[in-house]
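Observations on the model geometry
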Amino acid sequence: MGSSVGIECLKVCEVLDADPRPTFVIDLDPDEDIPVRHPNGAQFLLPAFCNAALRLHEQLFDALVGTNAQGLDKDADEKETPGRETYKFADFKKWVTGVTPHDESGDIFPLSFLYGDMLWTGSTVQKRWRLVSGNRLWRDTGPLRDLSSGSPPDIATGGLRAEQAEKKKKAWTNSTPAGTTIAAESAATRQPTNKTTGSSDDTGASSLSTSIILSTPEKAVVDWTSSKPKGILSPHIQYARSVNWAATPLGPMEKWSPEFRQTANLCMSNPHPAALFWGSELTMLYNEAYAAEVAGNKHPSLMGTGFSGPFAELWDYTGPVFAECARTGISVRKEDDYLPINRFGMLEETWFSWSFTPLYGGTGRIQGFYNAPFETTKQVLSHRRMRTINKIGECTAQAKAVKQFWKLVLDGLQDNERDVPFALLYSVGDGDDGDHSSMSSGSTISLKTCHLEGSIGVPEGHIAAPANLDLKRSREGFIPAFREAMRTREPTLLHTRDGTLPEALLDGINWRGFGDPCREAIIFPVRPTNGDAVLAFLVLGVNPRRPYDGEYVAFTSMLNRQFATSLASVILFEDETRRNRDAVEAAALEKQQLTQQLDLQASRLRRMTELSPLGMFLISPQGVLREANDRFYEMTGHSREGEYEMSWMDFMTDDSARVMQEGWERLAGERQPWSCELQLRKSSPNPVDFEGESMECWVLLAASPELVADGSLRSIMGSITDISHLKWAQGLQNRRLQEAEETRRQQNEFIDITSHEMRNPLSAILQCADDISSALAACLAEGTSLVLPSVESCLDAAQTITLCVQHQKSIVDDILTISKLDSNLLLITPVPSQPAEILRRAVSMFDPELKAKDINVSFDIDASYTAQSVDWVTIDPSRVLQILINLLTNAIKFTAPATERLITVTLAASTFPPDGGSRAGFQYVPSNTEMSAVATSEEWGKGEVLYLRFDVRDSGCGLTPSEKQMLFQRFKQASPRTHAQYGGSGLGLFISKRLAELHGGQIGVASEAGGGSVFGFFIQARRCDMPRDDGSRDAPLPIETHLGGSTSLNSRPTPQRQDYASSASIATASLITTGSSSAEVASMPLHLRPLNPSEVSILVVEDNLINQKVLVKQLRKHGCAVSVANDGIECLGFLETTHFLAPGGVDLSVILMDLEMPNMDGLTCVREIRRMEKEGRMVGGRKVPVVAVTANVRDEQIANARGSGMDDVVSKPFRIEELWGVLERLLREG
């Protein structure tokens, strides 16, 4: 593959430049318009490329190429041969640019052309590029013949005839008077012989003369042994002349006999290896080919020596041959004779075909021998190695399984002892595979074991041949080389010189062949051609008397391919055999099974019908039930007696009976299969769900008509399957899905509410902080002290911030409590406490708010509490207080808007869990967990177990039955309007329920719409003694500290919502308008001058009095005229008094509208305003600018606000500067 990659990198021009023939390339379809003809009509040859041979031959180049080319016509005329047609330059150019008329190939025609005493050949590439080459070796003496007339003499003789003709021509032109002419006829009388026969076996007389001219050679040395040889002496001859022949048995060169000189010249001029062995000492003289091909590195020391010198290792074999030849005088010839020669640094296995010819030197006695050796080592080795490969193929062809394959491989290698000095064969299998010859599951070395399958020349138990080897972890034997061979997937050569072939592994091997130890070995990773998994490793010793050269590598590759091909054949055969065996076994098993099935078919069908969970039936075309199994009657409750037409439909409900009637029309009328789900009236036994409750009985009916040969209806066959549980599961799944959707909706609603409640106070905090900062900055800039109004303003802002922070903290506490409850991290910690004191402290925490909202609170200690003489008990006061705070907060929130404002708190006790029956309509909420006795651990003490009951009754609006169903659930309030009217996150009652259950109790409610509500809970407790007075009895509980302690709660709180604030607050925050009407608009357009705050009148629509007060204050400080409204209804009422609806009315520039408000929210209000605009009620068709100011900041909420008609949306919290930027942009655009 490497050579092919190199060829692909060659360029065509490089190949043509290396061609010694003059070659040029013509573009038959040039991209540019190049003139190819002279104005007189003569055609030009303008090649796209000329090779180096043509460019360097200036005379030929100028004669053929360019606009001034004249051609070779003149020279051709002088050399015109009689009987041969002569072509002109114009003919040549026409041939070069012409195309064949016989097909569409666009090739040249004819393929060759004689011009200028040269044979020109052409070819065409891609129908565009014409390659033309001239060959000077061609010398023709007759007209061209086609191939059918026989092989041209020069082609058939490999160019020998052409060379002879050229030499003869030179002999005639260069002959001198000293030359000797041997001729049968003169050149003037030579005539070409024209053969017309078409036979390829024609051996007629040659057209050339049978005589040659003999003369003195131009280059060769006539006699290199002379004292002054003439000619060019080769380096080898120069060395031969430099040898001190006088010191050899041959004597000085000048005393050599003429006969020996002639023999020596014959030997030196022979192009093939030749040597002379002269005299009784057999002194050697050899030519250059012998030195290169036979002597090797024994040259030049071999020259002039005998077999006592460098060739001493051959004497034992050749000595008898020389002696016999000398005795008989008969030449000796050997074919493929083995001769071990150490000529390249190693004792080499070589093979020669050679001969010994006795030489007499002009005497009657043998003077020496002429040796003509031809090395046949490559042929002998190739034949031997190919015989080995064929033997392996023949042996492995007998293998029927992979296990047999390995032994047969070794059998195939046995005969070639010289190329297989030793061999080891290991199969590769999985570590736990008992059959070591099985195919490995992969090519990695994990969990692979090598098992010795056999060896050649390696004794049993040898260190190099352990029986089993771990391919991954072992270091024995050839395992490291195996791992490398597995990685490369190719034969790997190991050397003793670099340590890859440890010499310790070679000790004790019985070397085959020559008996010499190996210096190299080859690892064959044996794998089939149809897979990548290495199945075996073959270790093969390299012939120690042959170099690992290209021929050896080729032998290795062929051997590896033979292994792969033979192994693939065995694996395929084994797989095919296994498949056939499996198929036969499967067929036999199938036959046995079919026999058994046929024997049992009748009984099976009967038993299947009897035991099947399906109800099977057969109905006649008239609708009469003919046959049915027991399961059918059990499922339907149908009687086995009194069958009549369609009686089997009586067990269906009316709706299912109507569906079945339609199905019967399809089955009996259209003769089509039909199936449906049907509900039964009853079933015996009735199916029940997991809780033991009875379920509806549903079946899946599937029926098909049975037809006779003529297409008429024979019967209706079918079955019914009980799918009651499936239908129940589907209903349960739908309910669970709805619950999941409801939970997701509640979570989103909770997130919206929490986000609104968290962000809403941030605007007030941010603006109050800005108010304080601006007041202090002004004093600092003027260098004056705070005046009383500024101090009051800052104090009011700070109190507002404190109240907002408390509001946010209560929401965060609820969320944290929920998180602890979900993670089971909230624990009950019992401590000695007085329940009445806890109740008193809970109410006292709300004293300021109760007074502000004019709500009366009544304490009611139940007679049961007094009868039990309850004083000190162990409970968790913080958790009890947390529940009471939640209930009191709700009571205050819902009582504040009522006409009668009264809250009654009750404390009762009993020794058993209360059931709520003593209070009309009161019900405890069922607990999700089984109520257990929580007051059993040691920390609760050993006192009597009591049940304490706390009730909080209010005179608020009360609850409807549907609203009561929504209570005590996570993220839920009584109705969707509860949050808008009263705020809250919907977590308080859920947390209270969980806390009561953790304390071993329950929580419940009794309420009627318009009649107030009673929320109550009970908990477990144990009597205990009064603790020692350590000063902690009056210490605030943690829940009190978290809620702000007594300091903040003693101050009068600012009401959160206008609609349930105190009367004084309501009067203060009633709908008012401050400031005067805006001045007349100046002549300059509004959008071209800065917006003057004093000219802007703003209506703030906000139900949260804190945010309302802070925003109004900031806008007025900014210089704006500000009016306020508490909800959407008041906003619409104020809009009726403005210049938008009443000519000459109050000026109004923009409305800042909150979204979450009671009575009418902001979205409803702005829709009403836009409706009034569409109806044309606005004076002059004006549009009222409305900006939403909200804490609802999700993208869909903002998009909903804009879609409802808001001109812009400002998200809480915000600074006045941000709000003013929005107003300025909106009013300028307006």
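Residues numbered from 1 in each chain as written. Predicted model: local features only at pLDDT ≥ 70, side-chain atom pairs only at ≥ 80, totals over all residues. Heavy atoms only, no water.

Regarding the overall build of the chain
When helices and strands are counted, the chain shows 35 helices and 37 strands. Summarising the internal contacts of the chain: among those between residues at least 6 apart in sequence, 64% fall at separations of at least 24. (Helix = DSSP H or I, 4+ residues; strand = E, 2+ residues; numbered from the N terminus. Contact = heavy atoms within 4.5 Å.)

Some remarks on the sheet that holds strand β5 (residues 129–135)
Pairing within the open sheet is antiparallel, and its five strands lie in the order β2-β1-β5-β4-β3. Of all strands in the sheet, those bounded by a partner on one side alone are β2 (49–50) and β3 (112–115). Two strands pair when backbone bridges link them, and strand β4 (residues 118–125) and β5 are joined in this way by seven bridges, in the antiparallel orientation. Following the sheet pairing, Thr124 is matched in β5 by Arg130. Where helix α6 (residues 89–97) meets the sheet, its contacts fall on β1 (23–27), β3, β4 and β5, and the angle it forms with β3 comes to roughly 160 degrees. (Pairing = 2+ DSSP bridges. Axes fitted to C-alpha atoms, helices over the stretch in contact; angles between N-to-C directions.)

Regarding empty space enclosed by the protein
Rolled over the atoms, a probe as big as a water molecule pinpoints where empty space is left. A complete count under the given rule lists six cavities of 30 Å³ or more for this structure. If you add up the space inside the largest cavity, you get close to 140 Å³. Lining the largest cavity are 15 residues; nearest its centre among them are Tyr290, Leu314, Leu339, Phe356 and Asn371. The set of elements that each furnish at least two residues to the lining of the largest cavity consists of α11 (288–295), α12 (315–328), β10 (332–342) and β11 (347–359). (1 Å grid on protein atoms, 1.4 Å probe; cavity = no way out; pocket = protein on both sides within 12 Å on 5 of 7 lines; lining within 4 Å. Points joined across faces, edges and corners; volume = space filled by probe spheres on them.)

Considerations on the UniProt feature "modified residue: 4-aspartylphosphate" (unreviewed entry) in the chain
Per the UniProt record, "modified residue: 4-aspartylphosphate" (unreviewed entry) is annotated on Asp1154. Looking at the secondary structure, you find Asp1154 in the loop between β35 (1150–1153) and α33 (1162–1174). Classification of Asp1154 by relative accessible area gives buried; the value is 1%. With residues near it in sequence (within four places) discarded, Asp1154 still touches Val1101, Glu1102, Asp1103, Gly1162, Val1189, Thr1190 and Lys1212. (UniProt positions renumbered as here; feature names shortened; annotations may be inferred. Buried < 20%, exposed > 50% of the residue type's maximum accessible area, 1.4 Å probe, protein only.)

A few points about the pattern of salt bridges
Enumeration according to the criterion identifies 44 salt bridges in this entry. Residue Glu551 is joined to Lys378 by a salt bridge in which the shortest nitrogen-to-oxygen separation is 3.7 Å. Separated by 173 residues along the polypeptide, Glu551 in helix α16 (residues 550–611) and Lys378 in helix α13 (residues 377–396) bring together distant segments of the chain. Its relative accessible area of 37% is what places Glu551 among the partly exposed residues. The salt bridge partner of Glu1136 is Arg1177, with a shortest N-O separation of 3.4 Å. Taken together, the residues span a long stretch of sequence, with Glu1136 in the loop between α32 (1128–1135) and β35 and Arg1177 in the loop between α33 and β36 (1186–1190) at a distance of 41 residues. Connected through salt bridges with shared partners, the residues Arg343, Glu348, Glu375, Arg546 and Asp549 form a single ionic network. (Salt bridge = Lys/Arg side-chain N within 4 Å of Asp/Glu carboxyl O.)

Here we look at the side chain of Ser612
Position of Ser612 among the secondary structure elements: in the loop between α16 and β20 (615–619). A relative accessible area of 11% means that Ser612 is categorised as buried. From its side chain, Ser612 meets the backbone nitrogen of Leu614 in a polar contact 3.0 Å long. Apart from the residues within four sequence positions on either side, Ser612 is in contact with Arg607, Asn629 and Arg631. (Polar contact = N/O pair within 3.5 Å; in protein donor to acceptor, adjacent residues only side chain to side chain.)

Let's talk about the environment of Ser427
Its location among the elements puts Ser427 in strand β14 (residues 423–430). Expressed as a C-alpha distance, the spacing of Ser427 and Leu535, which sit 108 residues apart in the sequence, is 5.9 Å. A distance of 2.6 Å separates the side chain of Ser427 from the side chain of Glu453, its partner in a polar contact.

Let's talk about the packing of aromatic side chains
Inspection of every chain in the model, using the stated rule, returns 39 aromatic pairs. Between the aromatic rings of Phe632 and Phe651, the centroid separation amounts to 6.1 Å while the plane-to-plane angle is 85 degrees, which identifies the pairing as edge-to-face. Taken as a pair, Phe632 in helix α17 (residues 630–636) and Phe651 in the loop between α17 and α18 (654–669) lie far apart in primary sequence, 19 residues in all. When its relative accessible area of 3% is taken as the criterion, Phe632 is described as buried. (Phe/Tyr/Trp six-rings, centres within 6.5 Å; stacked < 30°, edge-to-face > 60°.)

A closer look at the environment of Met253
Its location among the elements puts Met253 in the loop between α9 (235–242) and α10 (258–269). Overall, the relative accessible area of 9% leaves Met253 in the buried class. Along the primary structure Met253 and Thr225 are separated by 28 residues, whereas in three dimensions their C-alpha atoms are 6.6 Å apart. Every residue in contact with Met253, bar those within four places of it in the chain, is listed here: Trp224, Thr225, Ala240, Arg241, Trp245 and Arg261.

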